[in-house]
Structures are given as C-alpha cells and as structure tokens.
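These are the residues of each chain, in order.
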Amino acid sequence: MTTFVDRVELHVAAGNGGHGCASVHREKFKPLGGPDGGNGGRGGDVTLVVDQSVTTLLEYHHSPHRKATNGQPGAGDHRSGKDGQDLILPVPDGTVVLDKKGNVLADLVGEGTTYIAGQGGRGGLGNAALASARRKAPGFALLGVPGESADIVLELKTVADVALVGYPSAGKSSLISVLSAAKPKIADYPFTTLVPNLGVVTAGATVYTIADVPGLIPGASQGKGLGLEFLRHVERCSVLVHVLDTATLESDRDPVSDLDIIEEELKQYGGLDDRPRIVVLNKIDIPDGQDLADMIRPDLEARGYQVFEVSAVARTGLKELSFALAGIVAEARAAKPKEEATRIVIRPKAVDDAGFTVTFDEANEVYRVRGEKPERWIRQTDFNNDEAVGYLADRLNRLGVEDALVKAGARSGDGVAIGPEENAVVFDWEPTMMAGAEMLGRRGEDHRLEAPRPAAQRRRDRDAERDEAEQEFKEFGPF
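Residues numbered from 1 in each chain as written. Predicted model: local features only at pLDDT ≥ 70, side-chain atom pairs only at ≥ 80, totals over all residues. Heavy atoms only, no water.

**Some words on the overall build of the protein**
Inclusion rule: Runs of H or I in DSSP of at least four residues are treated as helices and runs of E of at least two as strands, each being numbered from the N terminus. Contact criterion: two residues are considered in contact whenever any of their non-hydrogen atoms come within 4.5 Å of each other. Each accessible area is a Shrake-Rupley result for a 1.4 Å probe, and residues are judged covered by the shown protein chains and nothing else.
Secondary structure summary: the protein contains 11 helices and 18 strands in total. Expressed as a percentage of contacts within the protein between residues at least 6 apart in sequence, the contacts between residues at least 24 apart total 70%. As presented, the protein carries roughly 26000 Å² of accessible surface, and 51% of it is formed by carbon and sulfur atoms.

**Quick word on the environment of Leu198**
Let me state the cut-off plainly: The cut-offs for exposure are 20% and 50% of the maximum accessible area for each residue type, with area from a 1.4 Å probe on protein chains only; residues under the lower value are buried, those over the upper are exposed, and the others partly exposed.
Looking at the element boundaries, Leu198 is found in strand β10 (residues 197-203). Under the relative-accessibility criterion, Leu198 is labelled partly exposed at 47%. For the pair Leu198 and Ile210, spaced 12 residues apart in sequence, the C-alpha separation works out to 5.7 Å.

**Structural notes on the pairing of strand β9 (residues 162-165)**
Selection rule: Think of it this way: DSSP has to see at least two bridges between two strands before they count as a pair.
Side chains Val162 and Leu164 project from β9 onto one buried face, and the interleaved Ala163 and Val165 project onto a second face that is buried too. Pairing geometry for β9 and strand β11 (residues 206-212), over 3 bridges, is parallel. Looking across to β11, one finds that Leu164 is bridged to Asp212. Sheet topology note: the β9/strand β12 (residues 239-245) ladder contains 4 bridges and is parallel. Its bridge partner lying in β12, Ala163 is registered against Leu240.

**Describing the sheet that holds strand β4 (residues 87-91)**
The cut-off we apply is this: Comment: axis = line fitted to C-alpha atoms, over the contacting stretch for helices; angle = value between 0 and 180 degrees taken between N-to-C directions.
The mixed open sheet is built from 3 strands, whose spatial order is β4-β2-β7. Only two strands of the sheet have a single neighbouring strand rather than two, namely β4 and β7 (114-118). For this sheet the average axis-to-axis angle between neighbouring strands, irrespective of direction, equals 30°. When strand β2 (residues 46-50) meets β4, the two strands line up parallel, connected through 5 bridges. Along β4, the bridge assignment pairs Val50 with Val91.

**Remarks on the pairing of strand β17 (residues 415-418)**
Residues Gly415 and Ala417 point to one face of β17 and Val416 and Ile418 to the other, with burial holding for every one of them. Looking at chain direction, strand β16 (residues 366-371) and β17 are connected through 3 bridges and run parallel. For Tyr367, the partnering residue across the bridge sits in β17 and is Val416. Across 4 bridges, β17 lies against strand β18 (residues 425-428) in antiparallel orientation. Considered in β18, the bridge of Gly415 is made with Asp428. Turn length for the β17-β18 hairpin, with the two strands adjacent in sequence and antiparallel, is 6 residues, and the turn residue Gly419 shows positive phi of about 115°.

**Let's talk about the sheet that holds strand β14 (residues 306-309)**
Ordered in space as β10-β11-β9-β12-β13-β14, the 6 strands form an open sheet in which the pairing is mixed. A single partner strand is all that each edge strand has here, and the edge strands are β10 and β14. Taking the axes of each pair of neighbouring strands and ignoring which way they run, one obtains an average angle of 25° across the sheet. Note: strand β13 (residues 277-282) against β14, 4 bridges, orientation parallel.

**A few points about the nonpolar core**
Heads up, the condition is: Each nonpolar core is a collection of buried residues, namely Ala, Val, Leu, Ile, Met, Phe, Trp, Tyr and Cys, held together in the definition by side-chain atoms within 4.5 Å.
Of all hydrophobic cores here, the largest spans 26 residues; its most connected members are Val162, Leu175 and Leu321. Put simply, the parts of the chain that give this core at least two residues each are β9, α3 (172-179), β10, β11, β12, β13 and α7 (318-335). With 7 residues, α7 is the largest single contributor of residues to this core. Residues Val5, Val12, Ala68 and Leu154 belong to the second largest nonpolar core, which totals 20 residues.

**Focus on the confidence of the model for the protein**
To keep it simple, the criterion reads: Every residue gets a pLDDT, meaning the predictor's confidence in that residue, from 0 to 100.
Per-residue confidence for the protein gives a mean pLDDT of 81, with 81% of residues at or over 70. The model gives residues 223-227 a pLDDT under 50, and that stretch makes 14 contacts with residues more than four places away or in other chains. Ignoring residues within four places in sequence, the model shows residues 433-440, a span with pLDDT below 50, making 24 contacts including any to other chains.

**Thoughts on the environment of Glu27**
Heads up, the condition is: Between N or O atoms, a polar contact is any pair within 3.5 Å; within protein, one atom must be a potential hydrogen donor and the other a potential acceptor, and residues adjacent in sequence are included only when both atoms are from side chains.
If you trace the backbone, Glu27 turns up in the loop between β1 (7-13) and β2. Looking at Glu27, its side chain comes within polar contact range of the side chain of His25, at 2.8 Å.

**Some thoughts on α3**
Among the 8 residues in α3, 7 count as buried, and that is most of the element. Taken together, the buried positions of α3 are Lys172, Ser173, Leu175, Ile176, Ser177, Val178 and Leu179. Each element contacted by the buried residues of α3 is listed here: β9, β10, β11, β12, β13 and α7.

**A short note on the pattern of salt bridges**
Counted only if it meets this: Take a side-chain nitrogen of Lys or Arg and a carboxyl oxygen of Asp or Glu: if they are within 4 Å of each other, that pair is a salt bridge.
On inspection of all chains with the given rule, the structure shows 17 salt bridges. A salt bridge links Lys100 to Glu9; its shortest N-O distance comes to 3.2 Å. Highlighted residues: Lys100 in the loop between β5 (95-98) and β6 (104-108) and Glu9 in strand β1, separated in sequence by 91 residues. When its relative accessible area of 51% is taken as the criterion, Lys100 is described as exposed. Classification of Glu9 by relative accessible area gives partly exposed; the value is 34%. With a shortest N-O distance of 2.9 Å, Arg277 and Glu263 are connected by a salt bridge. You can see Arg277 sitting in strand β13 and its partner Glu263 sitting in helix α5 (residues 255-269), a full 14 residues away along the chain. Both residues of the pair, Arg277 and Glu263, belong to the buried class.

The following block contains the structure:
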C-alpha cells in the first residue's frame, strides 16, 4: 500500500455566497414598515497551510475533491446569513502549487505559510441594504456570487540541507541510518528505498537535515526507473553528496563511471550546477573496497572533489564527514539573505480606472464587456425580476459601460455580451434605458423593460413575414 505521495492533482471549490433576502417589515399598526431583508453570508475559502507534522500528500491522493461550505441566505427582520466555514488543508513544508499548465502559483516553505487556492463568493445584499432615497422599497435582492473552483497540482520538494545521490544499493540508506536517528528499510537488492528518507544530524553546534534520494539510474531524468519521481527533492538542498559503491558486485560498473552517469542525469534535470559536491566512497570495510578506494581517490581529488572514505557498517569516517557537511551547510546558510518580516502592501486602484474593457467580437458579432465589476454584477442579478434587471442597467450606466459602448461604435439593437465567451450573458443593447428610479412601478417590475426593444421587434417582424410566406406557399404553391 502506498504510504508516501509527493505529487497529486487537487480539485478545490470554494463556498458560494448566500443570496440576499427581499422582505418587507410587517407589524401591526405599522403598514409602511419598509424593507428588512438581510444580506447573504460569505462563502468559505479553501486555504493551503504548511504544517510541519504533515510529511506526505497521501491524504489528497485518496480524496482529491475538496469543497468549502456555502454562505447561508439572508432572512427578514434584518437577519444576515451565516458565513461559510473556511476549509484549511494542511500540506508538507516545501509544497509547490502549480496550475494544470505547469505554471507555479505558490511555493509554500516555512511553518504557517498560507495560500488561498479558492476564494469564497460574496454574499448578496438584501433589499434593506439596497434601499435609497430614490428606491425606498426595492422588490429584489442580489444573488450570492459562486465561489472559485480550480484544478491545481501539488508537488512536494523535500526541504533538506544535504541530499545523498547515487546508484541503488550504493549504501545511501545505511549511511543516513548511522548519521542520524532515521530508520529506513535496508536490504541488498536494488530499489529497496522507494521514498525519500529524512534524517536530522547534529555536528557540534550545527544541526542540519539530510535526505536520501532513491532510484537514480541512467535515464532517470527522462523517466527511467524512479529517478524522475524524486529528482525534485534535491532542488532545495545546499550540498549534494555522491555515495559511490566501492564493493559493487556488478562487473560492468565502477565508482568513477557511476559518478559520471549520475552527474549527467543531474545536468539533464537542470538547475543544480551551483551546488557544491562531496564524494563519499562507501563500503571500505570490505578489503576489495578499500583497495579500489585507494586507487580512484587521486583521480577524484584531481577533478576537484572533496573525498571521504567511510563504512556505514564499521562506522568509520563518519565524524569527519558529518562535520565537513556541517561546515558547508553553515556557509550556505550564512550566504542566504536574511528573511525580512512580511510587509503589508496596500495598492489602491486608480480613481480614474474604469475597471472594464469593451471590444468587438467579430466571430460572434457582439460587443464583449470584460471586467471584475460588470461580471460580478451579472452573476448577482436575478433575471426573473424586472426591477433587478433595471437596477443592473443603472449600475452599468453609472460605471460608464454605456458611454464605452458608444465610443466602440455600438448602435441600438447590437448584441452585447458581458463575461467570458463560454459563460457570457448576451442581450440587445438599448441606449435609451437611462437610470431613473422614478420610472419604477410595483415591486419587481420596471416599466423600461415593458416596451418592445427595436432589435427584438425587428426579429418578430421578420419571423412573422417568413411564417406568412411559408403559409402562402403551402396553400397556393410557388408563384
């Protein structure tokens, strides 16, 4: 059974905002109580939070669909709906959030680091909040905004100071078991280690973490073996340690060629050229292993490598290795820029920024309006309520959409689409629909919508003429 997962696809959905309530206060001896509809509650967010106690993404592998709760609708007597509960998803330290195309959305490093993967929808305003001096008793309320949905990919990149790389059965697991308190599975066959192992090493005053990266063989960077699955775990390490087997039982292998092959795989993977390297010649407790180590050490040192001869079984050479790694880690930590406290940056929008664009879509022959406010207002409008539609027209007019359509060349009866192409609201534009609450009649009605619009009337006339021609053709035949 899988116990370690470092890459999952997660489907998150934030909570929808609750609808506002359209209500009129009713009480004995108070015939004109006025609107008292409450606002809808906010939908819950989906938030990823780094938790040091979590070490794998296994939980999301088994249940990849996560949804926050919706906001509750408002009620009469000025009762607002309850906000939806935020959904907190703990992730391991070092988790990278990507979209489906591979673009990095967030790099979560450090306890408590958060990322909002799905923003909850706004709650709709009740008719009490929509009342004004010109619209004293609105007969409508705004709908809640749907929460954001997203398909994201979570990748875990181990946060360790030292990475042990090398062929399977080179002794990496044995080495990490004697350097730290980690207890990985150890056996004398390839691919014993199927998941990265982490250990904590104390060398003098320096404490650092060491990771065993499994499965590196020729072709690992192209997906052969297990290497491609775990090469990402070496990206955050400060130093790479080549563990070479000086007592391999395979006749076609030797430590120097193993080093060259692993270096080529690291080069193909990319991004690791600046990391310092150390070579560890392991298994020198075997006589042939010591002889081979003495033979190849001058060649490795001539290449510029710092070489250590160790035996995980006899526990020789470990102290020198651990202190050497501690020195490199300490230098790497000192070279890093000091982390500053997170600054709160407020970026107010420009006062002359309309916040929307108007373009002509030649393929669909409509003028397309895109912007945060117009698209949100569309989602908040109840199109079964004429007064709500009239209120939407007033808001768009005040925002300047009507003037922008005129500048873009739109004429009466032209099609206007608000929103993205796959989910837009399309209507015939009528520039005479000016704002004016004094034109409103009974609650839920708007006289501006009763008169037939020119474009709609032209379509009705064409349909009537076509139907009449078809009827004449059936009765009298072709002329």
